[in-house]
Amino acid sequence: MHFNSFSFIYFLAIVLILYFLTMRWWKLQNLLLLAASYLFYSLGGGPWVLLLLVPTLMDYSIGRLLGSLADRLERTARLRKLLLAVSILGNLTILGVFKYYNFFTENLQVAFNVLHLSLDAPTLSLMVPLGISFWTLKSMSYTIDVYQNRQEPVRSLVDYALFLAFFPTLLAGPLDRARKFLPQIAAPRRLTPEQLKIGLHLILAGYFKKLVIADNLAMRIVNPVFSNSPEYYGLDILLAGLAFTFQLYGDFAGYTDIARGAALLLGFDTALNFRWPYFSFNPTDFWQRWHVSFSEWLRDYVFFPARRTMLRWKNAPPILGLVLPPLVTMSLSGLWHGASWTFVLWGVYHACLIILYRLFEKKPIHQDPWKSGQAYPWVVLRLALMFSLTMVGWIIFRSSSLSQAGYLLGNLSLAPSAHSLDFFYDLVFYTAPWCLAEVLTYARKDLLLFVRLPFAARLLLNGTLLAGIVLLNARLATEFIYVQF
Amino acid sequence: MSNSENIATPVRRSRLREKPSSAKFVTFILEVLGSLLALVLLNFFTLWYLGNYSPNYGYWTLHQKWALLGKMDAPVDWLILGDSSCNQGVSPALIQEKLGETAINLCTIGSVTALNDVWMLEEYIQRFGPPKGVVIGHVYDVWSRDLDPLILGQIPRPWNFWKEHTLGSDLLGNPEIRSQVFQERYVPFVSQRLTLTSLLRSLIFGKLVPFKPRWLIDEYGFLSGEQAQPENAIQDGQDHMQFVRENEPVLSSINQQALERLVEIADAYQLPIYLMNSPLYDGLSADDEFQAYLGELTHQIDSVVGESQSVHLIPEIKTFPAAQMQTADHLTLPGAQVYTEWLIQNVLTR
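If you're wondering where the values come from, they're calculated on a predicted model, not measured in any experiment.

### Focus on the overall build of chain A
Item 1. Broken down by element type, chain A carries 18 helices and zero strands.
Item 2. C-alpha extents for chain A along the principal axes are approximately 70 × 65 × 55 Å.
Item 3. Split into buried and exposed, the 485 residues of chain A put 58% on the buried side.
Item 4. Carbon and sulfur atoms form 68% of the exposed surface of chain A, whose accessible area is close to 21,000 Å².
Item 5. Considering chain A, the positive charge centre built from 40 side chains and the negative charge centre built from 26 side chains are found 10 Å apart.

Here's what the structure looks like:
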């Protein structure tokens, strides 16, 4: 069951009705949500719901054991480490087998062939379980946090199971941290009109972003160019790159808005994923704005540990301290998106951007560049440069192979073709209103600016969004891009 | 709250006892209902807009002509019915000037077949009684066409109006078709989404003046064909030839039933009804194959209406050079004046 299906709307409506009926009994609500979440997952992922029980039971138990073992004693400290390793390895094994096994064996086969060696590695015909990349990370982060005493081990198995399986965020995040989300599960919650208002607005905006913007850009520009790239050149590729830049944002931000909106209707505040990502001034800034919950996960569980390791390495050349942490982090980030070299290359590309930025920017900007005293044209230029670099990254990301990425980037220019004008009109038509909305919210630094409009203006906006969804939706019934990861 | 973080937080038990402001909940409910109402209002604004400024010539014409019939407050001597060739071929103002008799042009489009002529005539008679005479003009190929009942959804009459008309309940009695007609008629966001998307695009890119009609009909319903398009007329003539070669002349079932009803009405009221051929490009009319096709079709029509004393089938064709035409069967204003005068001399004053 996907968010962009009528069955999800009915499902959500039924869950909300039952949820509101049990408003006085929040523990019952948790059970209801857990049952609904497993039903939601089994309707989309079939038997994979059983797989989801593995990290649920494993990490719940490990969390409890970690909590019961004092970390100061050498003997228990070793046991704690072992338990942590079991949790991490367990989750990585699930991820590795279901998502990466074939990728690695295929590449291993190629490597052996190059060396004229023989390898007969079997391939597995397994489907990648929905949301596996998200719930394994969530579960891992919980045990790491418990190990590091940043998180109390959860007492209730239902609470932990709900934390992992909470249906609005199960398939593609946002990646909530246990320390922020579990307290919400473990306490009664109150629904305010303000929450409901914001929740509904987010859902409406999310559907608009997905069905109107992302799907139309995909159908009209991105898919034709990327599925038949040799027929296109020059400006067409540039426009397709721009279209995918907005498609991906619309698709993922749309998903996130619906997820956050649905969670809010249930009284839960989930993590933020986007803070105007295309208003980034530099690569570091970009990763603080794009897929924030995942970036923060990477920062806390990969980047910081990698940097600490480098700092502990006394004789390491300083350049390694600069290069390795972002390279490892971003390569893993790329690989996390999918078992393909284009994703890895995309990750390495972003690592290079971060490294170059750190190398050449002597005083990295941490404050708002608009208020840093820099001339406005210079600030705008930086925005445009980072946007362009991001778009180049997305072309790599969207390409089906390294050779296609090479072709597209090698033929990118301003030379128009017979398709260019139509592409341009489509691009402007489907992105202009959203771009305007982004500029307005960014200028006021308020993601919920439109929720705070006067009553009549909100009615008109909501009516227009609804009309836009009915009228302009591409009728593609495509999956959300990040659900496929 | 400066951004959407920390929107919902768990509350302490003591705070649970606080009742949320019921006024705020009412406002929220009002917002949900108001948003849906805004959607409905936008939908009805779109309906009104398309009725008056639609880029779809067929829908616009159907809407305008039925609206014109609805707005009529006095009977006329001559009722002109038919398709778009007649719409821009017969000028009621000229009839009035030459004959001193009133007329109104209610011609629409060929896709609604002769059934629409019957319905308009039924509506007219119901309100004003029979006129002095009726002229019905169609391009020959309209007689072979079937009817997609969905298009009847564009007729701006109260829901269920078709029950009062010939074959209406047969065509629209099926609940599935009726629900499609409902969508076609009242939910343009779904049924006319391509048209509306194209309109929005034109508006955004400054290619559309929003409240300027694309076509103008005068107070008598006549639509004036402005610019002659001789090349288009010649090409269209060739397309017609191809149609004639590839198709058998067959009077469609819906047109046959419409003709039978016309005979009933004409005989009941002793109302003279003249079935006319549309004006035609002379290059097409001169073709032998075309003449053979037309001859056979005329024979089939005659077999339905021939015994009526009041329905008169006019087999003659008034032809025109390409320089007076926009297509092989659509005239410019000078051509329309010639055709109307020919009609007056050869038909209305018989």
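On we go from here.
### A closer look at the packing of aromatic side chains
Item 1. This model, assessed by the stated rule, comprises 82 aromatic pairs over all chains.
Item 2. Note on Phe11(A) and Phe40(A): the rings are 5.8 Å apart at their centroids and 35° apart in plane angle, and the pair reads as tilted. Of the two residues, Phe11(A) is situated in helix α1 (residues 6–21) and Phe40(A) in helix α2 (residues 26–45); the sequence distance between them amounts to 29 residues.
Item 3. What makes Phe11(A) buried here is its relative accessible area of 9%.
Item 4. Relative accessible area serves as the criterion here: at 1%, Phe40(A) is assigned to the buried category.
Item 5. Aromatic side chains Trp159(B) and Tyr186(B) sit 5.8 Å apart centroid to centroid with 50° between the ring planes, which places their arrangement in the tilted category. Here Trp159(B), found in the loop between β3 (133–138) and α7 (168–172), pairs with Tyr186(B), found in helix α8 (residues 175–186); they are 27 residues apart in sequence, far enough to count as distant.
Item 6. Judged by relative accessible area, which is 30%, Trp159(B) ranks as partly exposed.
Item 7. Residue Tyr186(B) is classed as partly exposed on the basis of its relative accessible area, which comes to 22%.
Item 8. The ring centre of Trp336(A) lies 5.5 Å from the NZ or CZ of Lys99(A), which sits over that ring.
Item 9. Positioned above the aromatic ring of Phe244(A) is the side chain of Arg398(A), whose terminal nitrogen or guanidinium carbon lies 6.0 Å from the ring centre.

### Side note on the pattern of salt bridges
As a working rule, side chains carrying opposite charge can pair if their charged atoms are close by.
Item 1. Going through the model one piece at a time under the given rule, you end up with 20 salt bridges over all chains.
Item 2. The salt bridge partner of Lys209(A) is Asp257(A), with a shortest N-O separation of 2.5 Å. Taken together, the positions of Lys209(A) in helix α9 (residues 193–227) and Asp257(A) in helix α10 (residues 235–265) put the pair 48 residues apart, joining distant regions of the chain.
Item 3. Residue class for Lys209(A) comes out buried when judged on its relative accessible area of 14%.
Item 4. Notably, a salt bridge pairs Glu123(B) with Arg157(B), separated by 2.9 Å at the nearest N-O pair. Placement of Glu123(B) in helix α6 (residues 113–128) and of Arg157(B) in the loop between β3 and α7 is noted, with a sequence separation of 34 residues between them.
Item 5. For Glu123(B), a relative accessible area of 9% gives the class buried.
Item 6. A network of salt bridges, in which partner residues are shared, links Asp145(A), Arg150(A) and Arg179(A).

### Let's talk about the interface of chain A and chain B
Item 1. Between chain A and chain B, the contact holds 48 residues from the first and 38 residues from the second.
Item 2. In total, about 3,800 Å² of surface goes out of reach between chain A and chain B, with carbon and sulfur atoms giving 67% of it.
Item 3. Among the residues chain A hides against chain B, the three largest losses belong to Arg190(A), Phe429(A) and Leu471(A). Together they make up 19% of the total.
Item 4. Connecting chain A to chain B are two salt bridges.
Item 5. Ionic pairing is found between Glu31(B) and Arg458(A), a salt bridge with its closest N-O pair at 2.7 Å.
Item 6. Across the chain A-chain B interface, the total number found is six residue pairs in polar contact (both at pLDDT 80 or more).
Item 7. Counting residues per element, the ones that place at least two in the side of chain A that touches chain B are α8 (178–185), α9, α10, α17 (420–443) and α18 (455–472) of chain A.
Item 8. Looking at the side of chain A that touches chain B, the element that brings in the most residues is α18(A), giving 11 residues.
Item 9. Looking at the side of chain A that touches chain B residue by residue, the classes come out as 26 nonpolar, eight polar and 14 charged.

### Re the sheet that holds strand β1 (residues 78–82) of chain B
Residue and element names in this part refer to chain B.
Item 1. Taken in spatial order, the five strands of this open sheet run β2-β1-β3-β4-β6, and their pairing is parallel. In this open sheet, the two strands that pair with only one neighbour each are β2 (103–105) and β6 (311–313). Within this sheet the neighbouring strands show an average axis-to-axis angle of 20°, counted without direction.
Item 2. In this structure, strand β4 (residues 273–277) lies alongside β6, joined through three bridges in parallel fashion. Among the inter-strand pairings, Tyr274 is bridged to a residue of β6, identified as His312.

### Considerations on the packing of helix α12 (residues 292–312) of chain A against helix α13 (residues 318–337) of chain A
All names here are of chain A.
Item 1. The geometry of α12 relative to α13 is characterised by a closest axis approach of 9 Å and an angle of 145° between their N-to-C directions. As α12 runs across α13, the sense of the crossing is right-handed. Each of Phe294, Leu298, Val302, Phe303, Ala306, Arg307 and Met310 in α12 lies in contact with α13, whose residues at this interface are Leu320, Gly321, Leu324, Pro325, Pro326, Val328, Thr329, Leu332, Ser333, Trp336 and His337.
Item 2. Looking at the contact of α12 with α13 residue by residue, the class counts come to 13 nonpolar, four polar and one charged.

Calculation criteria
- Residues numbered from 1 in each chain as written.
- Chains lettered and ligands numbered in written order.
- Predicted model: local features only at pLDDT ≥ 70, side-chain atom pairs only at ≥ 80, totals over all residues.
- Heavy atoms only, no water.
- Helix = DSSP H or I, 4+ residues; strand = E, 2+ residues; numbered from the N terminus.
- Buried < 20%, exposed > 50% of the residue type's maximum accessible area, 1.4 Å probe, protein only.
- Areas by Shrake-Rupley, 256 points an atom, 1.4 Å probe, with all protein chains shown as cover.
- Lys, Arg positive; Asp, Glu negative; His and termini not counted.
- Charge placed at Lys NZ, Arg CZ, Asp CG, Glu CD.
- Phe/Tyr/Trp six-rings, centres within 6.5 Å; stacked < 30°, edge-to-face > 60°.
- Lys NZ or Arg CZ within 6 Å of the ring centre and 35° of its normal.
- Salt bridge = Lys/Arg side-chain N within 4 Å of Asp/Glu carboxyl O.
- Contact = heavy atoms within 4.5 Å.
- Buried area = accessible area lost by both parts, 1.4 Å probe.
- Polar contact = N/O pair within 3.5 Å; in protein donor to acceptor, adjacent residues only side chain to side chain.
- Nonpolar A, V, L, I, M, F, W, Y, C, P; charged D, E, K, R; others polar.
- Pairing = 2+ DSSP bridges.
- Axes fitted to C-alpha atoms, helices over the stretch in contact; angles between N-to-C directions.
- Left-handed = near helix turned anticlockwise from the far one by under 90°.

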